[in-house]
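Reading the structure
Listed below, chain by chain, are the residues.
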Amino acid sequence: MSATVRIPTILRTYTDGAAEVTVDGATLGDVISDLDSRYGGIAPRVLDDQGQLRRFVNVYVDDDDVRFLEGLATPVRDGASISIIPAVAGG
Amino acid sequence: MSVATEAPSVGAARALKCRECSTLFPLDASFACSECFGPLEVDYDLSVITREQIESGPASMWRYEALLPVAPGAATRPGLNPGLSRLVPAYNLARALGARAVWVKDDSGNPTHSFKDRVVGVALENARRLGFEVLSCASTGNLANAVAAAAARAGIDSVVFTPSNLEAGKLVTTAVYGGTLVAVQGSYDDVNRLCTEVAAQHPWGFVNVNLRPYYAEGSKTVGFEIAEQLGWRLPDAIVAPVASGSLLTKVDKAFREFIDHGLVDRRAYRVFGAQATGCSPVSHAFREGHDVVRPVKPDTIAKSLAIGNPADGPYALDVVRRTGGAIADVSDAEIVDGIRLLASTEGIFAETAGGVVVATYRALLAQGLIDPDEEVVLLNTGDGLKTLDAVAPVCPPTLTVTPGFDAFEAAYAELRP
């Protein structure tokens with residue numbers, strides 16, 4: 001299963017400036033693992049010490065906030081589009 | 001003659017600092033920590049500031065510029081010069097609610113009729129400093145008004161994004177300023193997400209995305225003014241509306257800064273938050289004892305507070321718990337009653353967010369969470385003329401008559417027998 005991940009500005013140092021990358025994984029957790037294997041060090045930026053999504057990270061799988069889905073267990077279909085976005089904006 | 005090589009001044013601001021992990025960053029257009037995604041906040045090297053310095057300053061929020069991330073002389077640069085809105089002693093409202101002392105900080109008197117002119121004022125200063133030629137925002141309406149107007153006055157372009165289902169009183173009052181208004185077919189949270197992605201691609205100054213650390217500091221001036229207008233002292237309690245939670249946390253920060261500077265006596269005060277039940281993720285977290293906020297899909301007439309995924313929700317919870325306050329929520333019907341109560345007792349026509357605050361204060365009194373003897377300042381952040389639809393169904397003319405004296409007398413006699 002391959003999916004595209006939109007990378008926020010603050011993580012592009014890990015992707016050599018790429019705003020979008022392609023990774024594999026059947027769930028969001030798998031996708032983040034694969035992302036980290038390709039771009040070492042990116043997972044600890046997104047996940048906390050318990051391996052959960054950090055509280056100021058929003059992740060969307062096909063435009064849906066994974067907090068309304070199954071979090072890291074959210075299934076990722078082939079060709080899915082995933083966005084990682086800093087949560088602290090707006091208001 | 002010396003050649004200026006320094007970056008433009010940011011006043012006493014010295015860095016951006018992550019609220020979560022304290023990592024320092026330069027004073028750039030950035031808003032999230034690259035280590036932990038935590039929000040960045042302005043950090044200062046503040047020198048001594050006195051009441052006299054403030055009192056001799058401009059009759060606007062810029063009298064507090066020494067406590068903001070702006071270069072001196074902000075009032076002299078093109079902008080809306082908001083602030084120093086009135087603090088109204090609400091004797092009739094207090095009597096109606098059986099309370100001792102109630103004040104209304106009425107920010108509907110700002111240039112575009114909401115407190116958002118303050119935050120935009122600080123954001124605009126930083127947009128100029130950082131060389132942005134376009135001012136942008138994600139907005140529930142009031143902010144779009146403020147950005148479009150400030151950009152017009154500053155002579156730069158604006159591109160503002162709002163949900164497409166906003167009140168006409170917020171779309172028209174944005175578009176009239178002549179910038180680009182993008183009506184997005186989605187919720188505010190959808191708009192916010194879109195803007196975060198747009199901000200990563202376009203070199204625009206999004207006041208509440210990449211300029212958010214500066215922008216948010218503007219809300220402190222609400223707290224500064226309350227303290228100064230009370231005669232350099234703090235009230236027992238405030239009730240603030242909660243959308244993102246930023247205003248509530250910054251009013252608290254303002255009170256603490258005034259205490260730290262010796263501008264007011266140190267004292268305990270309580271901070272209360274007000275939400276609409278149809279979008280009450282922070283109130284819910286407060287009630288459940290959570291320190292994280294679970295996002296919701298908003299459904300309320302209080303559209304200016306309809307943020308289902310509030311950025312500063314956790315910090316608002318911290319402030320309320322630290323000060324011994326509470327966060328409560330009220331129904332749409334109670335909001336309408338709150339608007340009418342404030343209007344009919346004090347002659348202040350608040351927008352729906354103001355109705356939320358009045359109704360929540362009433363609910364907090366009823367629940368015993370605020371004592372009627374506490375001196376309370378209620379924040380009215382916007383103008384009822386922008387949200388007419390909320391009250392139009394319950395505010396028809398009392399009488400409709402033909403233009404003849406006898407017809408009037410007969411109809412009036414029936415009304416007041």
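Residues numbered from 1 in each chain as written. Chains lettered and ligands numbered in written order. Predicted model: local features only at pLDDT ≥ 70, side-chain atom pairs only at ≥ 80, totals over all residues. Heavy atoms only, no water.

Of regular secondary structure, chain B possesses 15 helices and 13 strands. A compact globule built from 417 residues should have a C-alpha radius of gyration of about 22 Å, and chain B, at 22 Å, falls within 12% of that. Taking all 417 residues of chain B together, 59% fall into the buried category. Within the structure as shown, chain B displays about 16,400 Å² of accessible surface, and the carbon and sulfur contribution to it stands at 53%. Side chains of chain B give 36 positive and 48 negative charges; the mean places of these two sets differ by 2 Å. (Helix = DSSP H or I, 4+ residues; strand = E, 2+ residues; numbered from the N terminus. Rg over C-alpha atoms; globule rule 2.2 N^0.38 Å. Buried < 20%, exposed > 50% of the residue type's maximum accessible area, 1.4 Å probe, protein only. Areas by Shrake-Rupley, 256 points an atom, 1.4 Å probe, with all protein chains shown as cover. Lys, Arg positive; Asp, Glu negative; His and termini not counted. Charge placed at Lys NZ, Arg CZ, Asp CG, Glu CD.)

Let us look at the packing of aromatic side chains. Considering all chains together, one arrives at 9 aromatic pairs over all chains under this definition. On the numbers, 5.8 Å between centres and 15° between planes, the contact of Phe-56 of chain A with Tyr-315 of chain B is stacked. Pair noted here: Phe-56 of chain A is in the loop between α2 (43-46) and β3 (57-61) and Tyr-315 of chain B is in helix α11 (residues 313-323), and the two residues belong to different chains. Members of the aromatic cluster, each reached through a chain of ring pairs, are Tyr-64, Phe-224, Trp-232 and Phe-258 of chain B. The residue whose ring lies beneath Arg-55 of chain A is Tyr-315 of chain B, and the NZ or CZ to ring-centre distance is 5.8 Å. (Phe/Tyr/Trp six-rings, centres within 6.5 Å; stacked < 30°, edge-to-face > 60°. Lys NZ or Arg CZ within 6 Å of the ring centre and 35° of its normal.)

On to the pairing of strand β13 (residues 375-380) of chain B. Residue and element names in this part refer to chain B. In terms of burial, β13 is largely enclosed, as 6 of its 6 residues are buried. With burial as the criterion, each face of β13 is covered, one bearing Glu-375, Val-377 and Leu-379 and the other bearing Val-376, Leu-378 and Asn-380. Relative to β13, strand β5 (residues 101-106) runs parallel, the two sharing 6 bridges. When the sheet's bridge partners are listed, Asp-106 is paired in β13 with Asn-380. In terms of strand pairing, strand β10 (residues 237-241) meets β13 through 3 bridges, oriented parallel. Bridge assignment links Val-239 to a residue of β13, and that residue is Leu-378. (Pairing = 2+ DSSP bridges.)

This next bit is on the packing of helix α9 (residues 246-260) of chain B against α11 of chain B. All names here are of chain B. It is the contact of α9 with α11, at a shortest axis distance of 8 Å, that shows an interaxial angle of 50°. As far as their axial angle goes, α11 and α9 are oblique. Classified by chirality, the crossing of α11 by α9 is left-handed. Two secondary-structure elements touch here, α9 through Leu-248, Thr-249, Asp-252 and Arg-256 and α11 through Tyr-315, Ala-316, Val-319, Val-320, Arg-322 and Thr-323. (Axes fitted to C-alpha atoms, helices over the stretch in contact; angles between N-to-C directions. Parallel < 35°, antiparallel > 145°, perpendicular 65-115°, else oblique. Left-handed = near helix turned anticlockwise from the far one by under 90°. Contact = heavy atoms within 4.5 Å.)

This part is about the sheet that holds strand β2 (residues 20-24) of chain A. One open sheet accounts for 5 strands, arranged β2-β1-β5-β3-β4 (chain A); its pairing is mixed. Of all strands in the sheet, those bounded by a partner on one side alone are β2 and β4 (64-65) of chain A. Relative to β4 of chain A, β3 of chain A is paired through 2 bridges, and the arrangement is antiparallel. Bridge assignment links Tyr-60 of chain A to a residue of β4 of chain A, and that residue is Asp-65 of chain A. Along the sheet face, helix α6 (residues 188-199) of chain B touches β1 (2-6), β3 and β5 (81-86) of chain A and points at about 85° away from the line of β5 of chain A.

Moving on, we get to the interface of chain B and chain A. Tallying the contact residues gives 35 residues for chain B and 28 residues for chain A. The contact between chain B and chain A buries some 2,700 Å² in all, and 55% of this surface belongs to carbon and sulfur atoms. Summed over the shared surface of chain B and chain A, the number is 4 salt bridges. Its salt-bridge partner being Arg-193 of chain B, residue Asp-63 of chain A comes within 2.7 Å of it at the nearest N-O pair. For the interface between chain B and chain A, the tally reads 7 residue pairs in polar contact (both at pLDDT 80 or more). Where the side of chain B that touches chain A is concerned, the elements lending two or more residues are α6, α7 (212-217) and α11 of chain B. Here the side of chain B that touches chain A takes 5 residues from α6 of chain B, the largest share from any one element. Here the side of chain B that touches chain A is composed, by residue class, of 18 nonpolar, 8 polar and 9 charged. (Buried area = accessible area lost by both parts, 1.4 Å probe. Salt bridge = Lys/Arg side-chain N within 4 Å of Asp/Glu carboxyl O. Polar contact = N/O pair within 3.5 Å; in protein donor to acceptor, adjacent residues only side chain to side chain. Nonpolar A, V, L, I, M, F, W, Y, C, P; charged D, E, K, R; others polar.)

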